[in-house]
Amino acid sequence: MTNLDTTPSVNSAEQRLKALGIELPVPPEPFGTYAEAVQTGKLLFLTGMLPTEGRRATFTGRIGAEIDVEGGRKAARLAALNALAVARQHLGSLDRVTRIVRLGVSVATASDAKDQPKVADGASELLQQIFGKEKNPSRLVYGVASLPLGASVELELIFEVDGAPVRNLTSYRTMQIDGLSIFYREAGPKDAPTLLLLHGLPSSSRMFEPLFARLSDRYHLVAPDYPGFGHSDWPDPKKFAYTFDHYAEIMNHFAEALGLSRYTLYMQDYGGPVGFRMALAHPERIEALIVQDAVAHNEGLGANWKPRRAFWADRVANESTLRTNLLSLPTTRTRHVGSDPNAERYDPDLWTDEFAFLNQAGQADIQSDLFYDYRTNVDAYPKWQAWMRERQPRLLVLWGKYDLSFELSEPEAYRRDVPKAEVHVLDAGHFALDTAADQIAQLVRGFVK
């Protein structure tokens, strides 16, 4: 075991985790209808924590029968790691814990077993390593006949915490890039792993606000607006080429100006064609890729792309139809809600704000020019696929199952190119952060090291 001075003056809890080489797991999702953490005043109560990985218990059976004491200790330690992951997610940092008030340990036990305290020590010793002896809790240990999922151990924890909220303020800045004012949002420690977040149509960096609220404690987040979107400049289409090649060039220059030499690209919708061009131009900068409802395979464009393909084939004849199809209020709403039967989950401000943006002077021409250039993405798909097959980048694919913009077959198409890709189909639409922000944040925390 690593020898580590556990006196509070040596390190913070987060520093101890790093010194011990401990990576907390993705916080477990609830197995029923309850909250995993509830704070009242300065007390944080955690629900029962099991030794799970994903949706199954890793350690099962009774102590003294199907599993021995050493296996029980490992189960208690894993349950404690899951508890710490939930606490960090709620608090933003384990350094907010001022005391562990109580640890309750339930141990599934054969009738004649008496080693429950030794099993509980698997959790107690980990907590002491991380928080120090001075924060050791009171403890209750129970021997029980069975536990949920057949698990060997279940923990209950109560923390005393610093009541002051952790504030990772978002900064709203502009930077001159290639003669244009580029707006961007930035948050989180600059020495942390960087996520460069590229937005979709017809949104802006604003779409990533749910992730800024959930991830800026642990990551350096940067989200720019493209020219013609959000708060960046909107140059006249007669004087500026609204193309994906041009966007990628500007975004690469933006990353250079900000000093981003290595980052994970998070790409949603239009962010895909911008991001893949960036990755092919500068593969040395790419730590990993996160794809959220962005297409890189022709089969990902379904039947509703027929009028859009006709526009690419003959722009003059199909311009009016395209503008109606792409820029109308019903289409703007559908991008969010898709086929979700529970439309009440979506804030209507999401699409009414975007529709107001699309109706600003000059936007129809900008978006028409950019969408006409979308045909170059389809031509480039084989090149992006070949790059993924050759490079095998670390890849996380997040997909809203109610997305009507793209086909549900697309996530698995990525896995054909990158067999080790992590793929998750979510209970969400095209803009999956609308309804699945907590789950996405958990998945990103588990993926980005």
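Everything numeric here is computed off the predicted structure, so don't read it as measured data. (Residues numbered from 1 in each chain as written. Predicted model: local features only at pLDDT ≥ 70, side-chain atom pairs only at ≥ 80, totals over all residues. Heavy atoms only, no water.)

**A few points about the overall build of the protein chain**
Working step 1: Scanning the protein chain for helices and strands turns up 14 helices and 15 strands.
Working step 2: In the protein chain, buried positions account for 53% of the 449 residues.
Working step 3: Here the contacts in the protein chain between residues at least 6 apart in sequence split such that 77% fall between residues at least 24 apart.
Working step 4: A total of about 19200 Å² of accessible surface is found on the protein chain, and carbon and sulfur atoms cover 49% of it.
Working step 5: Between the averaged position of the 49 positive side-chain charges in the protein chain and that of its 57 negative side-chain charges there is a distance of 3 Å. (Helix = DSSP H or I, 4+ residues; strand = E, 2+ residues; numbered from the N terminus. Buried < 20%, exposed > 50% of the residue type's maximum accessible area, 1.4 Å probe, protein only. Contact = heavy atoms within 4.5 Å. Areas by Shrake-Rupley, 256 points an atom, 1.4 Å probe, with all protein chains shown as cover. Lys, Arg positive; Asp, Glu negative; His and termini not counted. Charge placed at Lys NZ, Arg CZ, Asp CG, Glu CD.)

**Topic: the packing of helix 1 (residues 13-20) against helix 3 (residues 116-131)**
Helix-helix packing is described using two parameters, namely the angle between the two axes and the distance between the axes.
Working step 1: One can describe the packing of helix 1 onto helix 3 by two numbers: an axis separation of 7 Å at closest approach and a directional angle of 115°. By the angle between their directions, the pair helix 1 and helix 3 is classed as roughly perpendicular. Facing Ala 13, Arg 16, Leu 17 and Leu 20 of helix 1, the residues of helix 3 in contact are Gln 129, Ile 130 and Phe 131.
Working step 2: The residue makeup of the contact of helix 1 with helix 3, split by class, is five nonpolar, one polar and one charged. (Axes fitted to C-alpha atoms, helices over the stretch in contact; angles between N-to-C directions. Parallel < 35°, antiparallel > 145°, perpendicular 65-115°, else oblique. Nonpolar A, V, L, I, M, F, W, Y, C, P; charged D, E, K, R; others polar.)

**Here's the deal with the pairing of strand 10 (residues 194-198)**
Working step 1: Burial runs high along strand 10: five of the five residues are buried.
Working step 2: With burial as the criterion, each face of strand 10 is covered, one bearing Thr 194, Leu 196 and Leu 198 and the other bearing Leu 195 and Leu 197.
Working step 3: Here three bridges tie strand 10 to strand 11 (residues 220-224), and the two strands are oriented parallel to one another. Bridging from a neighbouring strand, Leu 195 pairs with Leu 221 of strand 11.
Working step 4: A crossover links strand 10 with its parallel partner strand 11, the connecting element being helix 4 (residues 209-215), and its sense is right-handed.
Working step 5: Of the strand pairs in this sheet, strand 10 and strand 12 (residues 263-268) are connected by four bridges, and their pairing is parallel. The residue of strand 12 that forms the bridge with Leu 198 is Met 267. (Pairing = 2+ DSSP bridges. Right-handed = clockwise from strand over helix to strand, strands pointing away.)

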